[in-house]
Amino acid sequence: MDSNYKKDFEPGFSPLNVCEEAARCLLCHDAPCSKACPAGTNPDKFIRSVRFRNFKGAAETIRENNALGSICARVCPTEKYCQKGCSRSGIDKPIDIGRIQRYVTDFEEANKMKILEAGKKNGKSVALVGSGPAALQAAVSFNKLGYEVHVYEKEKVLGGMLRLIPEYRLPNRVVDVEIKRIEDLGVKFHTGVEVGKKVSVEDLKKKHDAVVLAPGYSYGKMLPAFENNKYVISAVDFLREVKAKGGAVKVPANVLVVGGGDVAMDVVTTLKLLGVEHVTDVVYEQFKEFKASKKELEGAQKMGVTIVDGYVPSKVEGNVVTFAHREIKAEIKVEADLVVLAVGQYPEVKGLGIELVKGEVNEGKPYYTKDPKVFVCGDIAHSAYDKTVVGGVRTGKEVALYVHAALGGK
Ligand SMILES: Cc1cc2nc3c(=O)[nH]c(=O)nc-3n(C[C@H](O)[C@H](O)[C@H](O)COP(=O)(O)OP(=O)(O)OC[C@H]3O[C@@H](n4cnc5c(N)ncnc54)[C@H](O)[C@@H]3O)c2cc1C
Ligand code: SF4
């Protein structure tokens, strides 16, 4: 099978392109793009710097508010945030803010710029549990406030779900560079440590002034009929393995995917890029109510994925799955050599001493738990932000300020 897994489908701007794109910006007063960024990255300010060919200044503006600037440049759903209200849309099309940000952060890396700086030590320390985007941003924000920061991650690699987003959208190299920058600030990372098993939250409370839990939605859901079936794997486990092995995995020629969200689209696209001939995706939602973005759906269809909408699995016998239509009396049977279930993720907080209500911790005050020394951030925190990378960045910044205030800081 021919693999295109590592191919970059949306190459970055050239120096000429980035200047042309920045020149289209209207340099709005009270810019809608900056108001809409959950991380507060200020596109109007860094685009202005790009217009004056001040790439260093542009990179500084991005880093001021977002420790994961080069990751967000690649994976942020900009059409929902900064680009949504872009004033330029009234003339032709919104400014491609994501790609300008990507150019600037690539420039930063190529020129080995060191923008993030450690704060003056305040004698206190915090433990962060998990190393996804929320914890990574929190690590930088705490470090800036003078805390000694220790990150405990159960996996051998750092980055949480960033290590699942397919390589063609977010190369591992980009994540490695961002994490190295954070390590260089003096943040201590401890991998292979599952808090609640190897180390308890009580142990961390004794060692640190505060503990922040950011375990995310790290586990792939299984539907009961698919459990303990050798042909079945969750989307999370599938994507994690493919990315960890850089696409060097064996996949059969005929794969069934169940689910229709953005994660399912990542799975079907990955399968196609790996060279899988027949990819069938059966989805509960009908096309008009699809969860995945239109762009992702159309992209998958263009690659040759067969998408069948409006069906639910009714029987599973080995590698044969029967689906019944939700509304009409119709049934289909699909036989496949591998079945990937992309029906959502769930958080696992056993042993962490917190309770989730509707998948979140919500004790009235954002980021607080019942224990005054224990806080939460990221996907499991009840917040106004979406469960996205940039949403995680925002909660990571905010939790650091809340903890700092709770510990008597200003
Ligand atoms: C396939 C996929 C594609 C996605 N694509 C995008 C995208 O394009 N754009 C976007 O904005 N968002 C995307 N997301 C969503 C985004 O990745 C998440 O919203 C974000 O990663 C959540 O960050 P987090 O820090 O809360 O947790 P996570 O990233 O989930 O990280 C949690 C970390 O905690 C660790 N952990 C859990 N329990 C313990 C414990 N007891 N002890 C120690 N460590 C523990 C886990 O191993 C994990 O590393 C995607 C998600 C998936 C699954
Ligand atoms: S809203 Fe659009 S046009 Fe206005 S400053 Fe932002 S990127 Fe430029």
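Everything that follows concerns the structure shown earlier in this document.
Computed from a prediction, not measured in an experiment: that's the story for all the values here. (Residues numbered from 1 in each chain as written. Chains lettered and ligands numbered in written order. Predicted model: local features only at pLDDT ≥ 70, side-chain atom pairs only at ≥ 80, totals over all residues. Heavy atoms only, no water.)

### Examining the site of ligand 2
Taken together, Cys 25, Leu 26, Cys 28, Ala 31, Pro 32, Cys 33, Asp 44, Ile 47, Cys 86, Ser 87, Ile 95 and Ile 97 make up all the residues around ligand 2. Counting only elements with at least two residues in the shell around ligand 2, the list comes to helix H2 (32-35) and helix H3 (43-51). Counted by class, the shell around ligand 2 contains 10 nonpolar, 1 polar and 1 charged residues. (Near = heavy atom within 4 Å. Helix = DSSP H or I, 4+ residues; strand = E, 2+ residues; numbered from the N terminus. Nonpolar A, V, L, I, M, F, W, Y, C, P; charged D, E, K, R; others polar.)

### A short note on the nonpolar core
Judged by nonpolar contacts, the single largest core of 65 residues is most densely connected at Ile 71, Leu 128, Phe 142, Val 149 and Leu 213. Considering every element that reaches this core, the biggest residue donor is helix H7 (residues 133-144), with 7 residues. One finds Met 265, Val 268, Val 305 and Val 340 within the second-largest nonpolar core, a separate group that totals 30 residues. (Core = buried A, V, L, I, M, F, W, Y, C linked by side-chain atoms within 4.5 Å. Buried < 20%, exposed > 50% of the residue type's maximum accessible area, 1.4 Å probe, protein only.)

### Section: the site of ligand 1
Close contacts around ligand 1 come from 33 residues, with Val 75, Glu 153, Arg 169, Asp 379 and Val 389 the closest. The backbone of Thr 388 places a nitrogen or oxygen atom 3.4 Å from an oxygen atom of ligand 1. Here ligand 1, which alone exposes 1000 Å², has 94% of that area covered by the protein. Both domains that furnish three or more residues to the shell around ligand 1 are identified here as domain 2 (125-218 + 347-406) and domain 3 (220-344). (Polar contact = N/O pair within 3.5 Å; in protein donor to acceptor, adjacent residues only side chain to side chain. Areas by Shrake-Rupley, 256 points an atom, 1.4 Å probe, with all protein chains shown as cover. Domains from an automatic or database assignment.)

### What about the sheet that holds strand S6 (residues 232-234)?
If you walk across this open sheet you meet the 5 strands as S6-S13-S7-S8-S9, and the pairing is parallel. Unpaired on one side and paired on the other, S6 and strand S9 (306-309) mark the two borders of the sheet. The average angle at which neighbouring strand axes cross in this sheet is 20 degrees, direction not considered. In this sheet, strand S13 (residues 338-341) lies alongside S6 in parallel orientation, the contact comprising 3 bridges. Of the residues in S13, the one forming a bridge with Val 232 is Val 339. This element, helix H10 (residues 235-244), spans S6 and S13 of the sheet and lies at about 80 degrees to S6. Each of strand S7 (254-258), strand S8 (278-283), S9 and S13 is contacted by helix H11 (residues 262-273), which is oriented at about 170 degrees to S8, the strand it contacts most. (Pairing = 2+ DSSP bridges. Axes fitted to C-alpha atoms, helices over the stretch in contact; angles between N-to-C directions. Contact = heavy atoms within 4.5 Å.)

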